[in-house]
Amino acid sequence: MPAGFASIGVVGAGAWGTALANASARAGREVVLWGRDAEAIAAMARSRENRLHLPGVELAPAVTPTARLADLAGVDAVLMVVPAQASRAVAGELAPHLSAGIPLVTCAKGIERGTSLFMTQVLAEACPEATPAILSGPSFAADVAAGLPTAVTLAARDLDLAEGLAAALGSGSFRLYHSDDVRGVEIGGAAKNVLAIAAGIVGGRGLGASAGAALIARGFAELMRFGKAYGARAETLTGLSGLGDLILTCSTAQSRNYALGLDLGRAGGLHPSGRLAEGALTASALVAMADARGVDMPIARAVEAVLAGRSDIEQAIGSLLARPQKAEA
């Protein structure tokens, strides 16, 4: 067992938080799983199942559900598994209960609206005594919870810390690669959500597999340009947390962002499914940051215009098809 990471706190008892709690337990950790809804947490503790968010998956014996943030005091590392736009508020509530220097690993994929900060930057401001890190990559909660083979990336500025956390959380079915390219991992996770909405629109409009493949390829080119402008390494963006996650998220309605795009494409307007799509909340910040550094992101820009109501689906598709032909770069 890697020294110093015997116990893991998981903040957020949705599907992904519950899946990561089970994965951490499968790796031999003792896990404290926090959720805000005390009634739902009590039901989870009784039934040993998250019937609301991950029905049919038994909670591992080493996972202890709680509705008290104070119960996370003393854990060796914390996984922050709350939506990107809620991360600052929840991290602020958590901060008084954390020991100095504790690894605080964001598992959200987004950019904070209003500040244009990445998630590790948000955690650094909200919990200045903690050490921020990030876990991201091509993964669905149901697959991870069921123990199906999955590989993701865990990044921290201290490569030894990233390696230690990856060893502590990894298992035979949940493989973690470690990196010190925090920004690259963050960019891959945030940008691919916006691009997945575009892929869903293509699917919803019935534009065909060829158009879908072109969208993914050109979307990845946008992701690469944005990453280069913000200091990401090319090898990170072509890895699990960049290209790998983009392919997964753009390929199936299991992705909330792709599902939102399908709704948009089929009906020409927003029809919320009740599930959070992080890309819808990240799009405006992503485009603003691209503009700030002169990054050309026509697909992301078209998605943002549709979400903001400045363009309808046909106009957005027409604007992309009308772009000048040029050499592929």
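This text goes with the structure placed above it.
For clarity, every value in this text was computed on a predicted model and none was experimentally measured.

Asks: What is the right way to read helix 4 (residues 119-126) from this model?
Replies: Side chains that are three or four residues apart share a direction in an α-helix, a result of its 3.6 residues per turn. Looking only at helix 4, the buried set comprises M119, T120, V122, L123 and A126. Down the axis of helix 4, the sector holding all buried residues measures 155°, keeping them to one side.

Asks: Is there a simple way to think about the sheet that holds strand 10 (residues 174-179) in this case?
Replies: For sheets, the rule is that strands pair by backbone hydrogen bonds, running either parallel or antiparallel. With respect to topology, eight strands assemble into an open sheet ordered 3-2-1-4-5-8-9-10, the strand pairing being mixed. Where the open sheet ends on each side, the last strands, each with one partner, are strand 3 (63-66) and strand 10. Direction aside, the axes of adjacent strands within the sheet are offset by 25° on average. In the sheet, strand 1 (residues 7-11) pairs with strand 2 (residues 30-34) via five bridges, with the strands oriented parallel. Paired with S7 across the strands is E30, a residue of strand 2. Across the face of the sheet, helix 3 (residues 87-94) comes into contact with strand 1, strand 2, strand 4 (77-80) and strand 5 (103-106) while running at roughly 155° to strand 4. Across the face of the sheet, helix 6 (residues 159-169) comes into contact with strand 1, strand 4, strand 5, strand 8 (131-136), strand 9 (150-155) and strand 10 while running at roughly 180° to strand 10.

Asks: Mind showing me how you'd approach the packing of aromatic side chains here?
Replies: Throughout the structure, instances matching the rule amount to one aromatic pair. Look at F226 and Y230: their rings are 4.8 Å apart centre to centre, the planes differ by 25°, and that puts the pair in the stacked class. Pair check on accessibility: F226 and Y230 agree, each one buried. Seen from the ring of Y230, R293 lies directly overhead, with NZ or CZ sitting 4.0 Å from the centre.

Asks: Help me understand helix 6 in this model?
Replies: Residues of helix 6 that are buried include every one of L161, A162, G164, L165, A166, A168 and L169, and no others. N-cap assignment for helix 6: the residue whose side-chain oxygen lies 2.9 Å from the backbone N of D160 is D158.

Calculation criteria
Residues numbered from 1 in each chain as written. Predicted model: local features only at pLDDT ≥ 70, side-chain atom pairs only at ≥ 80, totals over all residues. Heavy atoms only, no water. Buried < 20%, exposed > 50% of the residue type's maximum accessible area, 1.4 Å probe, protein only. Helix = DSSP H or I, 4+ residues; strand = E, 2+ residues; numbered from the N terminus. Arc of directions from axis to C-beta. Pairing = 2+ DSSP bridges. Axes fitted to C-alpha atoms, helices over the stretch in contact; angles between N-to-C directions. Contact = heavy atoms within 4.5 Å. Phe/Tyr/Trp six-rings, centres within 6.5 Å; stacked < 30°, edge-to-face > 60°. Lys NZ or Arg CZ within 6 Å of the ring centre and 35° of its normal. Polar contact = N/O pair within 3.5 Å; in protein donor to acceptor, adjacent residues only side chain to side chain.

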